[in-house]
Amino acid sequence: MKPYDMPSNDGHFGPYGGTFVSETLIAAIESLKKEYLFVRDDPAFQQELAYELKHYVGRPSPIYHAKRLSESLGGAQIYLKREDLNHTGAHKINNTVGQAMLAKRMGKPRVIAETGAGQHGVATATVAARYGMECVVYMGAEDVKRQAQNVYRMKLLGAEVVPVTSGSRTLKDALNEAMRDWVTNVHNTFYIIGTVAGPHPYPMMARDFNSVVGRECLTQMPDMIGRQPDAVLACVGGGSNAMGIFYPYINEANVQLIGVEAGGEGIHSGRHSASLSAGTPGVLHGNRTYLLQDDNGQIIETHSISAGLDYPGVGPEHAWLKDSGRAQYVAINDDEALQAFHDLCRMEGIIPALESSHALAYAMKIAPTMSSDKVLLVNLSGRGDKDMATVAERSGITL
Amino acid sequence: MSRIDQVFTALKAQQRCALIPFFTVGDPDLSCCLPTMHAMVESGADIIELGIPFSDPMADGPVIQRASERALKNNVRLLDVLNVVKTFRQTNTTTPIVLMGYANPIERMGVDAFVKTCHEVGVDGVLVVDYPPSEARALSQALAPFAIDPIFLIAPTTTDERVEEIAGLARGYVYYVSLRGVTGASHIDVADVQAQLNRIRQHVTIPVGVGFGIRDGETAKSIGRFADAVVVGSRIVETIEKAEKEKIPHEVGQLIHELRQALDNAL
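Residues numbered from 1 in each chain as written. Chains lettered and ligands numbered in written order. Predicted model: local features only at pLDDT ≥ 70, side-chain atom pairs only at ≥ 80, totals over all residues. Heavy atoms only, no water.

### What about the overall build of chain B?
Then, in step 1: When helices and strands are tallied, chain B shows 12 helices and 9 strands.
Then, in step 2: A globule of 267 residues ought to have a C-alpha radius of gyration of about 18 Å, and chain B, at 17 Å, matches this closely.
Then, in step 3: Summarising its shape, the C-alpha atoms of chain B cover approximately 45 × 40 × 35 Å along the three principal directions.
Then, in step 4: Counting the 267 residues in chain B, one finds 61% classified as buried. (Helix = DSSP H or I, 4+ residues; strand = E, 2+ residues; numbered from the N terminus. Rg over C-alpha atoms; globule rule 2.2 N^0.38 Å. Buried < 20%, exposed > 50% of the residue type's maximum accessible area, 1.4 Å probe, protein only.)

Listed below in structure tokens is the structure:
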């Protein structure tokens, strides 16, 4: 079999991906593409990146065998890739370090970002402080209200947070606004997109920067258990943590790849964020992919208990992996994710992000159906400290 | 010869610059559309660009985004936009209509079905903002058998090589984006626009229109001295936003009339 080599030179993953932007953005994207393709194969850049990931981010992150949890389920063994232990508490920093280094190299003194829950905003504000860059983060006005603590974190780190009041006032509108800023200020500004979406080369670039996660697993799993896992699971909103752990495993044909989307209140309720499970192909934010849209091609509002999965699109490479059958995509609803969240807290002393709790919940669902010599590797993409208010509220507790 | 070609040929003979107003269909509601379009024509518009509402108009500024939001509140669909053209054509068979919008509503309808309906109702040009030439192949192929022109944007940052590529695909006219940023921004640099048009015309033989940032008669006049067309969008949408509903056709007509006079006085 031919090794996996997506995307094509023009950024397509089969029919997905591409560069669906106004001509006004093309020059910026072309220059980014040129620069990124250079550093991708540049040993000096990669060496500096490796240094930053080790000494600033704290990599490699360990893999942990969740024995008590696995025993309680009485089936497959669950292993956790501990991205929650990274600096800033999630996988997002892997990508922002890389893109900020690229911004510095391109001589851009200002970086901008969109954010939903605020994790990518915090990770961007962090690297902007680290490299001495001006930072502006666009955040839906609704999210600014819901995530006051992350807003304050970004401000502490020196970033300006701009509430976005257009459209549905959430992540997708923040992305629109960031694009508008970029097209206006492209001469001095680098746009750090937080997920594997957007026009080419962003899906490839964010994947590459996050794929350190999967590369580490490829060597860590044989060290721990003498082989690769039977399946790798990750939650999928835009899909960056999932691409990060999936990508190095694509050529490992015996390893099943399972993406877990946010089923919200259930797919049939219509209140969810499961673009791959319940969406249709279309064009949004610079790429063709599966979208949650109405019959007239308007993007519809999404729902998830986890703000980080609350997005109506998904990275185009996931769309391709779904159609090609290399990965399977399933949905976990709010209640199931919450249960997994509580179980991991109580049984392993690890507070997971609500996003990651979706992947964990699906692993817990299938583990009992498998024999105890099977191994499920879950990307624990972030820690749950940021979710205290949400979880407390769901439990009827006011902090 | 397409309707758009006919308009430019006639204007060229008179050495006049085309005036192309834009507004979003369904803003503030569907009933205003036709009277507004007719008022535009009576006041001196040569071509009308109709915006297709979209939930995520990434390349537009706040003014045109709000217009989309108002239209979507009324559930205005792409099909409604096409119906407006159909009705307009019952009384006006000469003024070219260009549809301007984003890819997703069109792909949802299906590119072929969209083009077929465009042909049936009498659309003359289509500009899909997020279809740069590399992603516009399916649309260009679908348009080819019909007298519907694919309209493309050219930006200040578009390289000569790309201008050449666009020249090979574009028909009707090309739309030069006169400043960096989104629709509705200000600070247009007239001398810079003129220099850019000279550059573009080394590759493009069809008419070149200029849009983004043309907000008044004075600017229209100075741009109209060297452009083949001026496109006015956000300023019209602002007028629609501020006016009482019954007065929209009249107030938009007045604005068009002022712009028309300014353009003609430039001669």
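### What about the pairing of strand S14 (residues 375-380) of chain A?
Residue and element names in this part refer to chain A.
Then, in step 1: Burial within S14 is extensive, with 6 of its 6 residues counted as buried.
Then, in step 2: Neither face of S14 is left uncovered, since the one carrying Val375, Leu377 and Asn379 and the one carrying Leu376, Val378 and Leu380 both have all their residues buried.
Then, in step 3: Relative to S14, strand S4 (residues 77-82) runs parallel, the two sharing 6 bridges. Across the sheet, tyrosine 79 pairs through a bridge with leucine 377, a residue of S14.
Then, in step 4: When strand S9 (residues 231-236) meets S14, the two strands line up parallel, connected through 3 bridges. Of the residues in S14, the one forming a bridge with leucine 233 is valine 378. (Pairing = 2+ DSSP bridges.)

### Regarding the nonpolar core
Then, in step 1: Ranked by internal contacts, the top residues of the largest apolar core, which has 188 residues, are Trp182 and Phe246 of chain A together with Leu50 and Leu99 of chain B.
Then, in step 2: Dropping the residues within four chain positions of it, tryptophan 182 of chain A is found in contact with Leu25, Ala28, Ile29, Ile112, Thr189, Phe190, Tyr191 and Tyr202 of chain A. (Core = buried A, V, L, I, M, F, W, Y, C linked by side-chain atoms within 4.5 Å. Contact = heavy atoms within 4.5 Å.)

### So, the pattern of salt bridges
Opposite charge on two side chains permits pairing when their charged atoms draw close.
Residue and element names in this part refer to chain A.
Then, in step 1: The final tally for this structure, using the stated rule, is 44 salt bridges over all chains.
Then, in step 2: A salt bridge links lysine 386 to aspartate 387, with the shortest nitrogen-to-oxygen separation between them at 2.8 Å.
Then, in step 3: The class for lysine 386 is buried, based on a relative accessible area of 16%.
Then, in step 4: When salt bridges with common partners are traced through the structure, they connect Arg40, Arg207, Asp208 and Glu317 into a single cluster. (Salt bridge = Lys/Arg side-chain N within 4 Å of Asp/Glu carboxyl O.)

### Regarding the interface of chain A and chain B
For an interface, size is often stated in terms of accessible area lost upon the parts coming together.
Then, in step 1: Taken residue by residue, the interface counts 34 residues in chain A and 34 residues in chain B.
Then, in step 2: Approximately 2,800 Å² of surface area, both sides summed, lies buried where chain A meets chain B, with 49% of it carried by carbon and sulfur atoms.
Then, in step 3: Area buried by chain A at its contact with chain B is led by Glu23, Arg180 and Gln298 of chain A, which between them contribute 25% of it.
Then, in step 4: Inspection of the chain A/chain B interface yields 4 salt bridges.
Then, in step 5: Here chain A is connected to chain B by 20 residue pairs in polar contact (both at pLDDT 80 or more).
Then, in step 6: Elements represented by at least two residues in the side of chain A that touches chain B include exactly strand S2 (16-20), helix H1 (23-40), helix H8 (171-185), strand S11 (280-284) and strand S12 (286-291) of chain A.
Then, in step 7: No other element matches H8 of chain A, which puts 7 residues into the side of chain A that touches chain B. (Buried area = accessible area lost by both parts, 1.4 Å probe. Polar contact = N/O pair within 3.5 Å; in protein donor to acceptor, adjacent residues only side chain to side chain.)

### Digging into the side chain of threonine 95 of chain B
Residues and elements named next belong to chain B.
Then, in step 1: Counting through the fold element by element, threonine 95 comes out in the loop between helix H4 (78-91) and strand S3 (97-101).
Then, in step 2: Threonine 95 gets classed as buried once you look at its relative accessible area, which sits at 5%.
Then, in step 3: Apart from residues lying up to four places away in sequence, threonine 95 is in contact with Arg3, Val41, Asp46, Ile47, Ile48, Phe88, Arg89 and Asp124.

### Side note on the sheet that holds strand S1 (residues 12-13) of chain A
Then, in step 1: Strands sit in the order S1-S2-S12-S11 (chain A) across an open sheet of 4 strands; the sheet is antiparallel. Both outer strands of the open sheet, S1 and S11 of chain A, are each paired with one neighbouring strand and no more.

### Points about the sheet that holds strand S5 (residues 110-115) of chain A
All names here are of chain A.
Then, in step 1: Taken in spatial order, the 4 strands of this open sheet run S7-S6-S5-S8, and their pairing is parallel. Edge positions in the sheet fall to strand S7 (160-164) and strand S8 (189-191), since each of these pairs with one other strand and no more. Sheet twist, expressed as the average angle between the axes of neighbouring strands with direction ignored, equals 25°.
Then, in step 2: Pairing between strand S6 (residues 134-140) and S7: 5 bridges, direction parallel. Across the sheet, tyrosine 138 pairs through a bridge with valine 162, a residue of S7.
Then, in step 3: Against the sheet, helix H5 (residues 119-131) engages S5 and S6, with an angle of about 165° to S5. (Axes fitted to C-alpha atoms, helices over the stretch in contact; angles between N-to-C directions.)

### What about the packing of helix H4 (residues 92-105) of chain A against helix H9 (residues 202-210) of chain A?
All names here are of chain A.
Then, in step 1: Close contact between H4 and H9 brings their axes to 8 Å; oriented N to C, the two are set at 120°. The crossing of H4 and H9 is right-handed. Contacts between H4 and H9 involve Asn94, Asn95, Gly98, Gln99 and Leu102 on the former and, on the latter, Tyr202, Met205, Ala206, Phe209 and Asn210.
Then, in step 2: Considering only residue class, the contact of H4 with H9 consists of 5 nonpolar, 5 polar and no charged. (Left-handed = near helix turned anticlockwise from the far one by under 90°. Nonpolar A, V, L, I, M, F, W, Y, C, P; charged D, E, K, R; others polar.)

### Quick look at the confidence of the model for chain B
Interpretation of the predicted coordinates at a detailed level should be avoided for regions scoring low in pLDDT.
Then, in step 1: Scored by pLDDT, chain B has a mean of 95; 97% of the residues are at 70 or more.
Then, in step 2: Here the predicted complex scores 0.96 on pTM and 0.95 on ipTM. (pLDDT = per-residue confidence, 0-100.)

### Considerations on the environment of leucine 197 of chain B
Then, in step 1: Relative to the assigned elements, leucine 197 of chain B resides in helix H9 (residues 190-200).
Then, in step 2: The sequence separation of leucine 197 of chain B and aspartate 228 of chain B amounts to 31 residues, and the corresponding C-alpha distance is 9.9 Å.

### Quick notes on the packing of aromatic side chains
Then, in step 1: The tally for this structure, following the rule as stated, stands at 10 aromatic pairs over all chains.
Then, in step 2: Between the aromatic rings of phenylalanine 20 of chain A and tyrosine 131 of chain B, the centroid separation amounts to 6.0 Å while the plane-to-plane angle is 50°, which identifies the pairing as tilted. Remark: tyrosine 131 of chain B occurs in the loop between strand S4 (125-128) and helix H7 (137-143) and phenylalanine 20 of chain A occurs in strand S2; the pair is interchain, linking two chains.
Then, in step 3: Residue class for phenylalanine 20 of chain A comes out buried when judged on its relative accessible area of 1%. (Phe/Tyr/Trp six-rings, centres within 6.5 Å; stacked < 30°, edge-to-face > 60°.)

### A short note on helix H3 (residues 62-73) of chain B
Then, in step 1: Helix length check: H3 of chain B, at 12 residues, gives a terminal C-alpha distance of 16 Å against a target of 16 Å (1.5 Å per residue), a fit within 8%.
Then, in step 2: The set of residues buried in H3 of chain B consists of Val63, Ile64, Gln65, Ala67, Ser68 and Ala71 of chain B.
Then, in step 3: Check the buried side of H3 of chain B and you find it contacts H8 of chain A together with strand S1 (18-24) and helix H11 (234-242) of chain B.
Then, in step 4: Once H3 of chain B finishes, asparagine 75 of chain B follows within two positions and takes phi at roughly 55°, a positive value. (Expected span 1.5 Å × (residues − 1).)

### Regarding the side chain of threonine 289 of chain A
All names here are of chain A.
Then, in step 1: With respect to the helices, strands and loops of the structure, threonine 289 is situated in strand S12.
Then, in step 2: Note on threonine 289: relative accessible area 2%, which makes it buried.
Then, in step 3: Here valine 314 takes part through its backbone oxygen, which lies 2.7 Å from a polar atom of the side chain of threonine 289.
Then, in step 4: Excluding its chain neighbours within four sequence positions, the residues that come into contact with threonine 289 are Tyr16, Thr280, Pro281, Gly282, Val314, Gly315, Pro316 and Ala319.

### Observations concerning the packing of H3 of chain B against H11 of chain B
Residue and element names in this part refer to chain B.
Then, in step 1: Taken N-terminus to C-terminus, the directions of H3 and H11 make an angle of 50°; their axes are 9 Å apart at the nearest point. Our classification of the angle between H3 and H11 gives oblique. Seen along the crossing, H3 lies across H11 with a hand that is left-handed. Within the contact between the two elements, H3 uses Val63, Ile64, Arg66, Ala67 and Arg70 and H11 uses Ser234, Val237, Glu238 and Glu241. (Parallel < 35°, antiparallel > 145°, perpendicular 65-115°, else oblique.)

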